[in-house]
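So you can see what is in the structure, the chains are spelled out below.
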Amino acid sequence: MSGSKKDPFFVGYLSVPEGLKLFLIATVALLLGCFAALALTIGGTQDDPGDGAFRFDWGRQTLIGILEASPYPIVHVTKGTKRIPTGSTVLLSGNGKRGVQSRTTPLDGELVEISGVAIKRGNIEMLQLRGGRNGIKKVAGSVQMPSSKLLGRWRLSGEICDGKCFTGTMRPGRRLSHKACANLCLINGAPPIFVSSAPVNGTRFFLLVNSEGEALDNKFFHHVAQFISLEGTVEKRGNLHLLKADLSSLKRVP
Amino acid sequence: MSVKYTPVQWNANKYGYDLVLIGMVVLYILSFLNVAPMFLDHARPTDGPIVRARAFGTCAFLLLTIILCIGPLARLDARFLPLLYNRRHFGVLTSVIALSHAMFVMDWYFNFAPQSKLEGLLGANTSYGQVLGFPFEVLGLAGLICLGILAATSHDFWLNFLTPRLWKALHFLIYPAFAAVVGHIALGSLQSQDNSIFAIVVGLSTALVCGLHALAAWKERGCDKRGNADAGWIIVGDAGDIEEGRAKIIKLPNGDRVAVFRHKARLSAIANACAHQNGPLGEGRIVDGCVTCPWHGFQYRVADGRSPAPFTEMVPTYRLKLDQTTVLVDPNANEPGMFVEPTALPEHMQ
Ligand code: FES
C-alpha cells in the first residue's frame, strides 16, 4: 500500500490503498450493473424477425405440379398436401445457398414430383428440395400451364430480398445487415423477392424479374436490402405474383 | 518491471482485475441470451447464431468503449488509475469477444454456400460506392484486424522489441479500430432495426469517448506549464510549490516534459516519460525512495533515473539549480541513468 489515506496512490503489485478500496468497489459495481442493464435493454428490444420459418413440423412435403424453370424455378401444384394444397405455387431452392437451376432447366414445362422441406412466410412458399432425383423428377401425365393475369402497372416501395432467407431460412433475413448474405443467395440462384410496403391484389411479396420477364442482372444487387421504389407490371402466374420491374425506374426512398 | 519475460507476471490485483472483466462479460452474455428474451414484445424467435452474434458484437463494442474511456478518466481523476493497470488484458479479452462475434457471423451468413466463407464475405457485396448498402462487414474486419494486432503485440516482449515509442504509436491503432467499429455498426446493425435503443447506446458511447478525450486534453493543456527561459535555463517555479514525495511537471521548449521531484528536502529532475510505456512519471510518487510510475509501478531512483537492481530500465536525468527559492532546469537532458547530485533546498524550506 502507498500514499496517505487522503491521497492514496495505487501501485499494481502492492495491496490496494485503503482510501481507494471503496471507490474501486463502487466502480466495479457500477460496471457490472451497467453491463447487466445494457444486456437486458439491448437484448430485450430486438425487432420481431417476422413469421417466416422452415416448416420441419409439417414433415417432408411431396407434391406434384407443373414446372416453370425460368426466370426462376417455380412449381404450380396440381396435387398438393394438407399443408401445401393443390393450386399453390411454390418457389424452389436447393440446400443452403444453392439454386436448383441445373436440375430444373431440363424439365421446363414438365409435370414433376418435388419433395423436400417447406419454408413459408405469409403467402409465399418455398420448397427446399432433397438431393438429386429424390428432390425433383419427371412424372407421367400432362397438364396445362396455369394462365397468367396482368394486374396493371404499379410503382411500389419496398425492399429487394432473397427468396431463400426472407421466406424463413434466416430470421431476420432482410435489411442492410443481411445484404451480403442476400446477395450471396441471389448470386447462387435464389429467387429475388420484392417486399412491398403496400399490398397489390392482397399480396406484399412479388417474385422480381426484369421488364422482359427474365432473371435479374447483377446491377440489381447494388440495391438489395435498401428501401427503394420501382415501377413495373404486376402479373399473377398461378398463385404467385411477379413484378416485372424497370431498372431505370429505380429510386432510393429516403 | 521485468528482467526476464514470463507470459504474465501475476499478482493479486491482476487476478482481481481479470475476474471483474470475466464477470462483466459472462454477466452480459448470459443476460443477453437467457434473460433479455423474456422482455421481448414478440414471441417469434430470432435465429440463435444471429442473437449470439449480436450478444458478442454489442459486448465487444461496450468493452472497447470502456477501454477508450480509461485513459482520459485516469488523467482526469487519479483514482481511476487502477483501471489502467491491467488494461492490456482488457484489450485481449475484447479482441477475443469481437472475434467470437465475427465467427458467429461467418458461420451463419456466409456459410452453406458453394463459395468459401471469406469469398462470400468479401465478394458478395461490392457496393463500395454507396453509403447505405456499403459493405460494412469490411469495416468490422478492419477493426478486428486492428484489435488482433494490438492483442498480439500487447506483451512486454513486443514493447521492448519494437521500442516504447514505436509500440505506443502502434497502439494508437485503437482509435482507427474504434472508428471502424462505429462505422460498421452505423452502416449495418443500426440500418436494420426499427427499435432505436442500440442507436442511442452507440451514440452515447461515442460521445462519451470523444467527450472524455477532449476534456482530458483540455485539462492537460491547462496544466502544461511551459517554463520561461533564463540564460538557457528554464524556470520550473517556486520550490515551495513542490510537495514532499511528489513532482512538478514542466514542458521544455523542445516539447519534452521533465518531472522535478522533491525527496527528503532535496530536488531532482528526471524525464517525465516512463521507459515502460511512456507513463507520466511526474504524476507518480516516491515510494521507498524511488519514483514510482502511476501506470504499472516501474520504479526509478530519483538521483540517477535508474531502476533499482536487478532491473535495468533507465530514464534521462536533468540538472537543476536554485535562484533563491526559484527552481531552474537545464533543458539539455543527461544520458539516461546519469547521476546528478540532488539540489538541497534552503534551510528555511526544509
Ligand atoms: S508506463 Fe508502465 S510502468 Fe510506467
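In what follows, the structure referred to is the one given above.
Residues numbered from 1 in each chain as written. Chains lettered and ligands numbered in written order. Predicted model: local features only at pLDDT ≥ 70, side-chain atom pairs only at ≥ 80, totals over all residues. Heavy atoms only, no water.

1. Some words on the packing of helix α1 (residues 12-35) of chain B against helix α2 (residues 48-76) of chain B
Residues and elements named next belong to chain B. Their axes nearest at 9 Å, the elements α1 and α2 cross at an angle of 145 degrees. Of the two possible hands of crossing, α1 and α2 adopt the one that is right-handed. Contact residues: Tyr-17, Met-24, Val-25, Tyr-28, Ile-29, Phe-32 and Leu-33 in α1; Val-51, Arg-52, Arg-54, Ala-55, Phe-56, Thr-58, Cys-59, Leu-62, Leu-63, Ile-66 and Ile-70 in α2. Taken together, the residues of the contact of α1 with α2 break down into 15 nonpolar, one polar and two charged. (Axes fitted to C-alpha atoms, helices over the stretch in contact; angles between N-to-C directions. Helix = DSSP H or I, 4+ residues; strand = E, 2+ residues; numbered from the N terminus. Left-handed = near helix turned anticlockwise from the far one by under 90°. Contact = heavy atoms within 4.5 Å. Nonpolar A, V, L, I, M, F, W, Y, C, P; charged D, E, K, R; others polar.)

2. Things to note about the packing of aromatic side chains
One pass over the full model with this rule turns up 15 aromatic pairs over all chains. Between Tyr-28 of chain B and Phe-32 of chain B the ring centres are 6.0 Å apart and the planes differ by 40 degrees, which places this aromatic pair in the tilted class. Of this pair, Tyr-28 of chain B and Phe-32 of chain B both sit in helix α1, four residues apart, which is roughly one turn of the helix. Comparing Tyr-28 of chain B with Phe-32 of chain B, the two get one shared label, buried. Between Phe-157 of chain B and Trp-158 of chain B, the aromatic rings sit 5.4 Å apart at their centres with planes inclined by 80 degrees, giving edge-to-face as the arrangement. Linked through ring pairs, Phe-35 of chain A together with Tyr-28 and Phe-32 of chain B together constitute an aromatic cluster. Across the ring face of Trp-233 of chain B, the terminal group of Lys-321 of chain B is positioned such that the distance to the ring centre comes to 4.5 Å. (Phe/Tyr/Trp six-rings, centres within 6.5 Å; stacked < 30°, edge-to-face > 60°. Buried < 20%, exposed > 50% of the residue type's maximum accessible area, 1.4 Å probe, protein only. Lys NZ or Arg CZ within 6 Å of the ring centre and 35° of its normal.)

3. Brief notes about the interface of chain A and chain B
Many analyses report the size of an interface as the accessible area lost when the parts associate. The interface is formed by 55 residues belonging to chain A together with 71 residues belonging to chain B. Of the roughly 5700 Å² buried at the junction of chain A and chain B (both faces included), carbon and sulfur atoms supply 64%. Counting the surface chain A buries against chain B, the share from its top three residues, Phe-9, Phe-35 and Gln-46 of chain A, is 13%. Where chain A packs against chain B, one counts 26 residue pairs in polar contact (both at pLDDT 80 or more). (Buried area = accessible area lost by both parts, 1.4 Å probe. Polar contact = N/O pair within 3.5 Å; in protein donor to acceptor, adjacent residues only side chain to side chain.)

That's the geometry; what it means functionally is another story.
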